[in-house]
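Structural overview for review
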Amino acid sequence: GELAPESALLKWARSKGMSSCLVPATFRMGGSSSSSSATGSGAAGEDGSSGGLRGLMPDREVAPGDVVLTLPSSLLISYDTARDSDLGKALQRIPSLDPESLALIWTMAERCDAESEMAPYWASLPSSFSTGLSAGEEVVGRALPPGTAVHQEVARAREHMATQFQALSPVFEALCKAYSAHLQPHMFTWEAFLWAAELWYAYAIQVQFPDGVVRPCLVPYVGLINHSPHPHVVHFSRVDPESGCLRLRAFRSCAAGRQLFISYGPLPNPKLLLFYGFSVPHNPFDAAPLMLALPDGQRPARQSILQAAGLDLAGQRVRGGGRGLPPDLLACVRLLAASKKEVQGLQKRKGVAAELRAPLSKDTERAALQLLRDTLARELRAMQGETGSTGSAAGQATQSSA
């Protein structure tokens, strides 16, 4: 029968020189495979509609140091790929067209070309993405509270794309008129433009080539590997100058039939939701900002102790993932909860930073932790008031954008 898109992609990539022990599969939330598309059962889409999340698993035991995938650099899709294509050569005649816009136009047209050499790659991609760039305003507001830095970043990115699309509209019209036998208006709709932009945002990785230049690249087949803050492969973005290949080498073991992960970087859930459309439960890179303030009592004395200890109340954060409380944060709340006598004692000590790294007393430690709990509760209430929801949008998101 007809191969699933992921299996067809594997067959195509191997025919182009890729070697890998990784095969497509669908996975339950725990990471074990529920089926393998390499054996013909098909794989889930980005929404897990076939009963799981699609990804890659090794067909054998992987040990630290093992190469799990080797991909010829000729399969990497970069801005240069778009520029050097027949369409790219025509687009280069437009002086105002930047490399990013050229790549987006080429992507919009190329994915519709049934005779494209990369047709198996385009066929393996989702028909739509669920990132913060295309989600509705209401969804974005629930997941990313208005006023936060990431929400503002979403707004800027969406505005940039809308402006870019509007500026390119005359180019789309001219292309369809000049090459009507090959290019049609349906290839250049807002939806098609948004799809191409999200593809490059979510799937491109920064690859260093032997000439030392780092280029954003779409990487066929590697794009099926999902993200985890605890990955099996960490260094995968440099083309080996001797072999001319991109090599993925495991730094920790992975059992056969278990999902293998890479890392997209130390990204908190708001960033993952914005650019990739998913979140990670107990993400160790999540951080909640806290608004801490000096109490009225002994304010000048406490401020001088903060300065002597090299501490700053601004920018203190609580990180997720069970990583414990940051030492600087604990030191700050200990000082804020310290009694008048303890403050006076701290003023006289030279090693005040070291003193605040340990509990000042049982009572003060309890008061400090209570202050921290009260502060977190206040921040959560403020966020819920802004979003109009008490649920966690991040917790309801999927774990995979692949």
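Going by the structure above, here's the rest.
Residues numbered from 1 in each chain as written. Predicted model: local features only at pLDDT ≥ 70, side-chain atom pairs only at ≥ 80, totals over all residues. Heavy atoms only, no water.

**Side note on the environment of Val68**
Counted only if it meets this: By definition, any uninterrupted DSSP run of H or I lasting at least four residues is a helix, any uninterrupted run of E lasting at least two residues is a strand, and each is numbered from the N terminus. Contacts were defined at the residue level, with two residues in contact if any of their heavy atoms lie within 4.5 Å.
Relative to the elements of secondary structure, Val68 occurs in strand 5 (residues 67–72). For the pair Val68 and Arg249, spaced 181 residues apart in sequence, the C-alpha separation works out to 5.8 Å. In contact with Val68, not counting residues within four places along its chain, are Ser19, Ser20, Cys21, Leu22, Val62, Val233, Leu248, Ala250 and Leu260.

**Some remarks on the sheet that holds strand 1 (residues 19–20)**
Condition: At least two bridges found by DSSP between two strands are what make those strands a pair.
Across the sheet, three strands lie side by side as 1-5-10; this open sheet has antiparallel pairing. With partners counted over all chains shown, the strands left at the sheet margins are strand 1 and strand 10 (245–249), one partner each. In this structure, strand 1 lies alongside strand 5, joined through two bridges in antiparallel fashion. Note that in strand 5 the partner of Ser19 across the bridge is Thr70.

**Overview of the side chain of Thr107**
The condition is simple: Think of it in three bands: with a 1.4 Å probe and only protein chains considered, a residue is buried below 20% of the maximum accessible area for its type, exposed above 50%, and partly exposed in between.
Assignment of secondary structure puts Thr107 in helix 4 (residues 99–110). Taking relative accessible area as the criterion, Thr107 reaches 0% and is therefore assigned buried. Apart from residues no more than four positions distant in its own chain, Thr107 is found in contact with Trp122, Trp195, Ala196, Leu199 and Trp200.

**What about the side chain of Arg158?**
Quick reminder of the rule: Whenever a nitrogen or oxygen atom comes within 3.5 Å of another N or O atom, the pair is scored as a polar contact, on the condition that within protein one atom can donate a hydrogen and the other can accept it, and that pairs from neighbouring residues in sequence are kept only if both atoms are in side chains.
Within the fold, Arg158 resides in helix 7 (residues 149–178). Arg158 sits in the buried class, given a relative accessible area of 19%. Side-chain polar atoms of Arg158 contact the backbone oxygen of Gly132, separated by 2.9 Å. In contact with Arg158, other than residues within four places in its own chain, are Gly132, Leu133, Ser134, Ala135, Gly136, Glu137 and Val140.

**Observations regarding the sheet that holds strand 7 (residues 205–208)**
Note on sheets: strands pair through backbone hydrogen bonds, and any given pair is parallel or antiparallel. Applied cut-off: A fitted line through C-alpha atoms represents every axis, and for helices the fit uses only the stretch in contact; the resulting angles, taken between N-to-C directions, go from 0 to 180 degrees.
Strand order in the open sheet formed by three strands is 6-8-7, and the pairing between neighbours is antiparallel. If you trace the sheet from one side to the other, it starts and ends with strand 6 (77–78) and strand 7, each paired once. Direction of pairing for strand 7 relative to strand 8 (residues 214–218): antiparallel, over a ladder of four bridges. Bridged to Gln208 within strand 8 is Val214. Against the sheet, helix 8 (residues 190–203) engages strand 6, strand 7 and strand 8, with an angle of about 115° to strand 8.

**Re helix 10 (residues 299–308)**
Rule in force here: This arc is built from the directions going out from the helix axis to the C-beta atoms.
Buried residues of helix 10: Ala301, Arg302, Ile305 and Leu306, and no others. Taken down its axis, helix 10 places every buried residue within 140° of arc, on the same side. Helix 10 presents Pro300, Gln307 and Ala308 as exposed residues on the side facing more than 90 degrees away from its buried surface. Tucked into the core, helix 10 has its buried residues touching helix 11 (327–337), helix 12 (340–348) and helix 13 (352–355). Positive phi shows up at Gly310, right after helix 10, with a value of about 70°.

**So, the packing of aromatic side chains**
Worth spelling out the cut-off: A pair of aromatic rings is counted whenever rings of Phe, Tyr or Trp (Trp by its six-membered ring) have centres within 6.5 Å, and the orientation is called stacked for planes under 30 degrees apart, edge-to-face for over 60 and tilted otherwise. Whether a charge lies above a ring is judged from NZ of Lys or CZ of Arg, which has to be within 6 Å of the ring centre and within 35 degrees of the ring normal.
Under the criterion given, the structure shown has 14 aromatic pairs. Centroid distance Phe165 to Trp190: 5.3 Å. Interplanar angle 70°. Geometry classified as edge-to-face. Highlighted residues: Phe165 in helix 7 and Trp190 in helix 8, separated in sequence by 25 residues. On the basis of relative accessibility, which here comes to 31%, the residue Trp190 falls in the partly exposed class. Members of the aromatic cluster, each reached through a chain of ring pairs, are Phe165, Phe172, Phe188, Trp190 and Phe193. Looking at Arg111, its charged tip hangs above the ring of Trp195, at a distance of 3.6 Å from the centre.

**Things to note about unusual backbone geometry**
With a phi close to 75°, Tyr221 is a non-glycine residue in the positive phi region. Among the secondary structure elements, Tyr221 is positioned in the loop between strand 8 and strand 9 (226–227). Judged by relative accessible area, Tyr221 falls into the buried class, the value being 0%. Within the chain, Gln298 stands out as a residue other than glycine whose phi angle is a positive 55°. Mapped onto the elements, Gln298 comes out in the loop between strand 12 (287–289) and helix 10.

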